[in-house]
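Per-entry structural report
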Amino acid sequence: MPVPVANVETVPAASSGPPLVHARRLTKRFGDFTAVDGIDVDVARGEAFGFLGPNGAGKSSTMRMIGCVSPPTEGTLRILGLDPRTDGPAIRARLGVVPQQDTLDTELSVRENLLIYGRYFGMSRAAVRAKAEELLDFVQLSDRAKDKVEPLSGGMKRRLTIARSLVNDPEMLLLDEPTTGLDPQARHSLWDRLFRLKQRGVTLVLTTHYMDEAEQLCDRLVVMDKGRFAAEGSPRELIATYSTREVLELRFGPDADNNVYADKVHGLVNRVEVLPDRLLLYTDDGDGTAAAVYDRGLRPASTLVRRSTLEDVFLRLTGRTLVD
Amino acid sequence: MTQTIGSATPSSGRNSGTLLARIVPLPGTSARRAGLMVERNVLVYRRAWVLIVSGFFEPLFYLLSIGIGIGALVGTVTVDGMVLDYTVFVAPGLLASSAMNGAVYDSTFNIFFKLKYAKTYDAILSTPMSPGDVAAGEICWALIRGLIYSTTFLGVMLALGLVASPWAILVLPAAVLIGFAFGAVGMAATTYMRGWQDFEFVQLIVLPMFLFATTFFPLSTYPSALQAVVVCTPLYHGVELIRALTTGLVDGSLVVHIGYLVVMGLIGLRIAAGRLEKLLLT
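Residues numbered from 1 in each chain as written. Chains lettered and ligands numbered in written order. Predicted model: local features only at pLDDT ≥ 70, side-chain atom pairs only at ≥ 80, totals over all residues.

**Things to note about the overall build of chain A**
What counts, and what does not: Only DSSP runs of H or I covering at least 4 residues are called helices, and only runs of E covering at least 2 are called strands; the numbering of each starts at the N terminus. Counting other C-beta atoms within 10 Å of its own, a residue is labelled buried from 20 upward, exposed at 12 or fewer, and partly exposed in the gap between, with every C-beta atom placed from the backbone. Contact between two residues is assigned whenever their backbone-derived C-beta positions fall within 7 Å.
Across its full length, chain A holds 11 helices and 13 strands. Considering only C-alpha atoms, chain A reaches an extent of 75 × 45 × 40 Å along its principal axes. Across the 324 residues that make up chain A, the buried fraction comes to 48%. Sequence-distant contacts, at least 24 apart, represent 70% of the contacts inside chain A between residues at least 6 apart.

The structure is reproduced here in structure tokens:
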């Protein structure tokens, strides 16, 4: 499913019907500070859409507006075809929210957290009891059902928060940095759950500053910086547009002046990045470029050819000194 | 499993499911959803019922110590030309004060913890629940707790022969009204608190009222200038309301007491809901 780069309004093949999120010139200001600066975005049904960006880029503010818990300052916003300003409760009834900070009810047990949350959505006690068991099983917390929330590990709390967000069978799940602060096992366990939800047709909208998370989960993403979109597209398109297929990393030892070596490799590739400890050569053929480096008589202490990642895109777009 | 919220009117965002909501328009508040907030608290206290029982003992100890102990020294008090046993005089004052204390405690410490630390309300507001639902539900819960205490205290008063009038049947709704007035204002105040230190101000207001708002001695004890000050305090109206009902000294001033507490509660509730919205939905 080819998606034109830099056209975030294009609806991918998985979709049908009107967009679940539709924003035009969406703006959020807090006093003099502009957190979100006139963004345009559409998210189609069934899509996994990511907001990628450094801290303070405006991701969370955007998510709160989409979640109808923060009124936009300016611009148009439609969620599920409805206006958050007037239809907030009706929209929230059909959303699932995983906030950045755990907001589990610490005065209740694991199971009770799900039970009462379902009740807030107007579900009957019988319906929510059945749903709670199903969700506890889904997030592998059935054996902790009677425990209090506080002693759970960070990963378990996150899984419970995800279970809670699913209690109303939401059409769209909003995840604000879902795996920040988790260990690798917990992250993979969460990704697995999210991937299964996606396969079931749940629309995912998430924020992250982890590139691997964005690559794993997102069909389409935007890189946000200072309240605006710096780039838009699928992970692969972004890499193709803003980076190269591969990256050659050269290390010349601790005392080497990397600027000198940057001059010596000049012309081999279109873009060289000088870091304190290494040179990054952006290339479509890493091994070929490495051979060319040796042909120039250079003998780096180590060479590494790796696939280009979103991280390369991200750092290029949101800042690190570059030599083009 | 989503259900549309039948009582919400999306176009205006307002709903008048209860009499209260019609008097004080709270945006998007429904009695059913406020009831879910109560349901949450019932879940919490189902395990911690001992905490609820403990709240009953404070006014009981006061009654035994001051009412019966000091009462034996004081003897009688004359109110409106009627001679009352001191215990009969002080018991309704203690009941009104404990209704105030319970409501204030519930609506300040408990609410502050959930608001600032547990982020309980942030999670709740991601559902169809509105700030008005949360505010009304939390105050409602404080009233239910208060009602349990008032009922048991009234039972003790009956057992000790401290109730002199059939009007006393109205003591329970009156105590709920006191709880509503103080609970709503307490919650509104809590939304302005920056840290735990600010709760000192609550004590600074509540304790003098408890000691001086005619709980322990009649208004006529004060010089007239001070009487005017005491009459302005909300607890004075609460104490006088309950005392009129248990002693049977009922007159037109009852309307003033009730009116004062109703208006105070409604204003508090309106401010609390508005502030919750401002704090949490920014």
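**Describing the overall build of chain B**
The condition that has to hold: C-alpha atoms define the radius of gyration, and 2.2 Å times the number of residues to the power 0.38 defines the globule rule.
Helix and strand counts for chain B stand at 12 helices and 2 strands. Each helix and strand of chain B, ordered N terminal to C terminal, gives the series α-α-α-α-β-β-α-α-α-α-α-α-α-α. Rg of the C-alpha trace for chain B: 20 Å, near the compact-globule value of 19 Å for 282 residues, within the 12% margin. Its C-alpha atoms give chain B principal-axis dimensions of about 65 × 40 × 35 Å. The buried share among the 282 residues of chain B stands at 46%. The long-range fraction of contacts in chain B, counting pairs at least 24 apart against all pairs at least 6 apart in sequence, stands at 76%.

**Notes on helix α8 (residues 171-190) of chain B**
We count it as follows: Residue count minus one, scaled by 1.5 Å, sets the expected span of a helix.
Between its first and last C-alpha atoms α8(B) spans 28 Å; for 20 residues at 1.5 Å apiece the expected length is 28 Å, and the two agree. Taking burial as the measure, the 20 residues of α8(B) include 18 buried ones, the bulk of the element.

**Quick look at the nonpolar core**
Stated formally: Any set of buried Ala, Val, Leu, Ile, Met, Phe, Trp, Tyr and Cys residues joined through C-beta atoms within 7 Å is what this text calls a nonpolar core.
Ranked by size, the top nonpolar core spans 149 residues in total, and within it A:Leu174, A:Leu204, B:Ile139 and B:Ile178 carry the most contacts. Ranked by residue count, the leading element in this core is helix α5 (residues 86-117) of chain B, at 15 residues. Setting aside anything within four residues of it in sequence, one finds B:Ile139 in contact with B:Ser107, B:Phe180, B:Gly183, B:Ala184, B:Met187 and B:Leu269.

**With respect to the environment of A:Tyr294**
All names here are of chain A. Within the secondary structure layout, Tyr-294 lies in helix α10 (residues 286-295). Given 11 C-beta atoms within a 10 Å radius, Tyr-294 is considered exposed. For the pair Tyr-294 and Met-211, spaced 83 residues apart in sequence, the C-alpha to C-alpha distance is 32 Å.

**Section: the packing of α5(B) against helix α7 (residues 131-159) of chain B**
Residue and element names in this part refer to chain B. This is how it is decided: Lines are fitted to the C-alpha atoms to define the axes, a helix being fitted only along its stretch in contact, and any angle between axes, read from their N-to-C directions, falls within 0 to 180 degrees. Relative orientations are named as follows: roughly parallel for angles under 35 degrees, roughly antiparallel for angles over 145 degrees, roughly perpendicular for angles from 65 to 115 degrees, and oblique for any other angle. Note on convention: the crossing is left-handed when the near helix lies turned anticlockwise from the far helix by less than a right angle, right-handed when the turn is clockwise. Residues are sorted three ways: Asp, Glu, Lys and Arg are charged, Ala, Val, Leu, Ile, Met, Phe, Trp, Tyr, Cys and Pro are nonpolar, and all the rest, Gly among them, are polar.
Viewed as axis vectors pointing N to C, α5 and α7 meet at an angle of 155°, and their least axial separation amounts to 9 Å. Taken together, the axes of α5 and α7 lie roughly antiparallel to each other. Where α5 crosses over α7, the two elements pack in a sense that is right-handed. The residues of α7 that touch α5, namely those facing Ala-91, Leu-95, Ser-98, Ala-99, Gly-102, Ala-103, Asp-106, Ser-107 and Ile-111, are Glu-138, Ile-139, Ala-142, Arg-145, Gly-146, Tyr-149, Ser-150, Phe-153, Leu-154 and Met-157. For the contact of α5 with α7, a count of residues per class yields 11 nonpolar, 5 polar and 3 charged.

**With respect to unusual backbone geometry**
Residue and element names in this part refer to chain A. One non-glycine residue with positive phi stands out, namely Cys-68, at about 60°. Look at Gln-140: it is not a glycine, yet its phi comes out positive at around 55°. When you line up the elements, Gln-140 lands in the loop between α4 (125-138) and α5 (154-165). Note on Gln-140: 13 C-beta atoms within 10 Å, which makes it partly exposed.

**A few points about helix α2 (residues 84-92) of chain A**
With 7 of its 9 residues buried, α2(A) lies for the most part within the structure. Taken together, the buried residues of α2(A) touch β4 (74-79) and β5 (95-98) of chain A.

**Describing the sheet that holds strand β12 (residues 279-283) of chain A**
Strand-to-strand pairing in sheets goes through backbone hydrogen bonds, with the strands running parallel or antiparallel. Residue and element names in this part refer to chain A. What counts is decided by this rule: By the convention used here, strands pair only if DSSP detects at least 2 bridges between them.
Overall, antiparallel pairing links the 4 strands, which are arranged β11-β12-β10-β13 in an open sheet. Looking at which strands have only one partner, the edges of the open sheet turn out to be β11 (271-274) and β13 (302-307). Each strand of the sheet is rotated relative to its neighbour by a mean of 20°, with strand direction disregarded. In terms of strand pairing, strand β10 (residues 246-251) meets β13 through 6 bridges, oriented antiparallel. Paired with Arg-251 across the two strands is Ser-302, which belongs to β13. Sitting on the sheet, α10 is in contact with β10, β12 and β13, with an inclination near 35° to β10.

**Focus: the sheet that holds strand β8 (residues 220-225) of chain A**
Residues and elements named next belong to chain A. Within the open sheet, the 6 strands sit side by side as β5-β6-β7-β3-β8-β9. Their pairing is mixed. Across the chains shown, the open sheet's two edge strands, defined by having one partner strand only, are β5 and β9 (228-233). If you compare each strand with its neighbour and ignore which way they point, the axes differ by 15° on average. Packed onto the sheet, helix α8 (residues 235-242) meets β8 and β9 and runs at close to 105° relative to β9. Sheet strands touched by helix α11 (residues 310-318): β3 (48-52), β8 and β9. Its angle to β8, the strand with the most contacts, is close to 30°.

**So, the domain arrangement of chain A**
Worth spelling out the cut-off: Per the annotation, domain bounds derive from an automatic or database assignment of domains.
As far as domains go, chain A holds domain 1 (21-240) and domain 2 (244-307). In this structure, domain 1 of chain A and domain 2 of chain A have C-alpha centres spaced 40 Å apart.

**Quick notes on the packing of helix α2 (residues 31-47) of chain B against α7(B)**
Residues and elements named next belong to chain B. For the pair α2 and α7, the least separation of the axes is 7 Å and the interaxial angle reads 50°. If you check the angle between α2 and α7, you find them oblique. In the packing of α2 onto α7, the handedness of the crossing is right-handed. Contact residues: Arg-33, Ala-34, Gly-35, Leu-36, Met-37, Val-38 and Asn-41 in α2; Asp-133, Val-134, Ala-136, Gly-137, Glu-138, Cys-140, Trp-141 and Ile-144 in α7. Grouping the constituent residues of the contact of α2 with α7 by class yields 9 nonpolar, 3 polar and 3 charged.

**Topic: the interface of chain A and chain B**
Taken together, the contacts link 30 residues of chain A with 29 residues of chain B. When residues of the side of chain A that touches chain B are traced back to their parent elements, those giving at least two are α2, α3 (110-120) and α4 of chain A. Split by residue class, the side of chain A that touches chain B holds 13 nonpolar, 8 polar and 9 charged.

**Thoughts on the confidence of the model for chain B**
Detailed reading of predicted coordinates is not advised where the pLDDT is low. Residue and element names in this part refer to chain B. Put simply, the rule is: Per-residue confidence from the prediction method is given by pLDDT, with values spanning 0 to 100.
Confidence in the prediction of chain B, expressed as mean pLDDT, is 84, and 90% of residues score 70 or more. In this model, residues 1-17 is a region of pLDDT below 50 whose contacts with residues beyond four sequence positions or in other chains number 50 contacts. ipTM for the predicted complex: 0.80, alongside a pTM of 0.81.

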